[in-house]
Amino acid sequence: MTSVTFYGGVGEIGGNKILVEDKGTRIFLDFGMSFKAEKTFYSPPFLSPKSGNALIELGILPKVDGLYEFDDSKASVDAVFISHAHLDHYGHVSMLKREIPIYCGETTRTIIEASAMTRQSNFESDLEGIQWKTFRTGKKMNVDSIQVEPIHVDHSVPGAYGFLVHTSSGTIVYTGDFRMHGPRKDMSEEFVEKAAETDPIAILTEGTNLTGAEISSEAEVSDKLSRLVKATKGIVLAEFSKSDTDRLTSFYSAVKSGSRSLAISMRQAYVLKALEKDPKLKLPRLSDKNLLVFRRAKKKYYPWEKEVMNEANVIDSVKLSKLQNETVLVTSLADFEELIEIKPASGSCYVLSASEPFNEEMEIDFDKLMSWLAHYGIVQYHIHVSGHIMPLQLREALQKIEAKKIYPIHNEHPELFAKFVSGMKSEVVVAEKGMNYKL
Ligand SMILES: [Zn+2]
Ligand SMILES: [Zn+2]
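Thresholds, definitions, all that
Residues numbered from 1 in each chain as written. Chains lettered and ligands numbered in written order. Predicted model: local features only at pLDDT ≥ 70, side-chain atom pairs only at ≥ 80, totals over all residues. Heavy atoms only, no water. Donors = N, O, S within 2.8 Å, 3.2 Å for Na, K, Ca; no water. Tetrahedral: all angles 85-135°; square planar, octahedral: opposite > 155°, others 65-115°. Helix = DSSP H or I, 4+ residues; strand = E, 2+ residues; numbered from the N terminus. Buried < 20%, exposed > 50% of the residue type's maximum accessible area, 1.4 Å probe, protein only. Expected span 1.5 Å × (residues − 1). Contact = heavy atoms within 4.5 Å. Polar contact = N/O pair within 3.5 Å; in protein donor to acceptor, adjacent residues only side chain to side chain.

### Looking at the coordination of the zinc ion (ligand 2)
The protein atoms that coordinate the zinc ion (ligand 2) are His-84 (NE2), His-86 (ND1), His-155 (NE2) and Asp-177 (OD), at distances of 2.2 to 2.3 Å. Note that the zinc ion (ligand 2) binds four donor atoms; their angles at the metal cover 89 to 166°, and the shape is irregular. Written as a sequence motif, the donor arrangement for the zinc ion (ligand 2) is H-x1-H-x68-H-x21-D. The metal-metal distance between the zinc ion (ligand 2) and the zinc ion (ligand 1) comes to 3.3 Å, with Asp-177 coordinating both. Separated by 69 residues along the polypeptide, His-86 in the loop between strand 4 (79-81) and helix 3 (87-90) and His-155 in the loop between strand 8 (146-153) and strand 9 (160-167) bring together distant segments of the chain. A relative accessible area of 1% means that His-86 is categorised as buried.

Listed below in structure tokens is the structure:
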């Protein structure tokens, strides 16, 4: 007997926490943070959660015995598989019992650990004692009656995977987050092909982009950025997700072609440095002459910041003020006080290179952003492409895979989704949070 229970990720973008049970074996696919649920009750930094029990009380964490570090009962779950290093997929692994192994890709582990180092430590980001088990694409892992086969996919963070979950009743396909318009769309195509070969009993599929989809590609973004950087007089300010290395690469090639340097934040530099150990990612090195690290004015630096400063070419706002025509500064609203020292020149631009106003990695307070930009006369461009598959490509992929059942997840419009993909051989099931579905 095989079943799935959706403890998060249905009717919302992210917060994926899906329990798969097969002959007494229990595994979770992702254990992400639900931004929507947390935002309903909390407003950090003034009102932040203080305990796991509070999160259970508010329905932010599922009430499952034998799952959490702060619960004394015996572990009731055999393993957790993380698809990729976005908080809405891994953000709550910190809560889990340390005897439950966490499986993820090598790059995912690198990004999760490096990001945690740069964040203020609290109970939601504490990774101490986690038993990581890392994999690469195609490695089959057995957890009692279940075998999980990760296949790489293209997404807006490196090292993302979809899973083929082989159970005693057949294969369940889990897409994680993926797209067909990124630089490695071949990986997503391979995932779709392999998934189709398994003749799956079910597919749990993302469907983030059902409204407001666009036809574009990372290559097009890269081209637009190059044109903008070349044409701008003054400084270019840019905002994008720090773990999106495809976007970093697009900005890097834009500054090179426009004879500028790219100044990144300490945080982003720390993650980039951690990723240097994998040459297959083909990322610019921290010591590259076109890369700078922006040092905010403050009295004390953390050890990880000192580590970055030792290896990188560092620039501060005083120096940057004189090199405005030669720099693209990756920034966020939290750094905007530095503009007072930088004194942006006439003709400067701000490029929002993320979905607006909110995505998996950041939230932008638009009113405040607009006030700062207006104060300095900085115009705003939006140059971006999503990390998620577009609807027609998703429909085509689902048609190819032809699973017996389709469970839409990671989307806000499951009914629309069900109608959009109706008429195929697959039956669409709109799942409810906390309900168990037999397969
Ligand atoms: Zn996601
Ligand atoms: Zn994601």
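That covers the picture; the talk isn't over yet.
### Re unusual backbone geometry
Apart from glycine, the bulk of residues carry a negative phi angle, and the bulk of peptide bonds sit in the trans form. Residue Asp-144 is not a glycine yet carries a positive backbone phi of 50°. For Asp-144, the position within the fold is in the loop between strand 7 (141-143) and strand 8. Residue Ser-259 is not a glycine yet carries a positive backbone phi of 55°. Following the sequence through the fold, Ser-259 ends up in the loop between helix 7 (245-257) and strand 13 (261-264).

### Thoughts on helix 7
Look at helix 7: 18 Å from first C-alpha to last across 13 residues, which is about the 18 Å you get at 1.5 Å a residue. When helix 7 is considered as a whole, its buried residues turn out to be Thr-245, Arg-247, Leu-248, Ser-250, Phe-251, Tyr-252, Ala-254 and Val-255. Buried residues along helix 7 sit in contact with helix 6 (218-231), strand 12 (236-239), strand 13, helix 8 (266-275) and strand 16 (327-330). One side-chain oxygen of the residue at the start of helix 7 lies 3.2 Å from the amide nitrogen of Asp-246, identifying that residue as Asp-244. Positioned one or two residues after helix 7, Ser-259 has a phi angle of 55°, which is positive.

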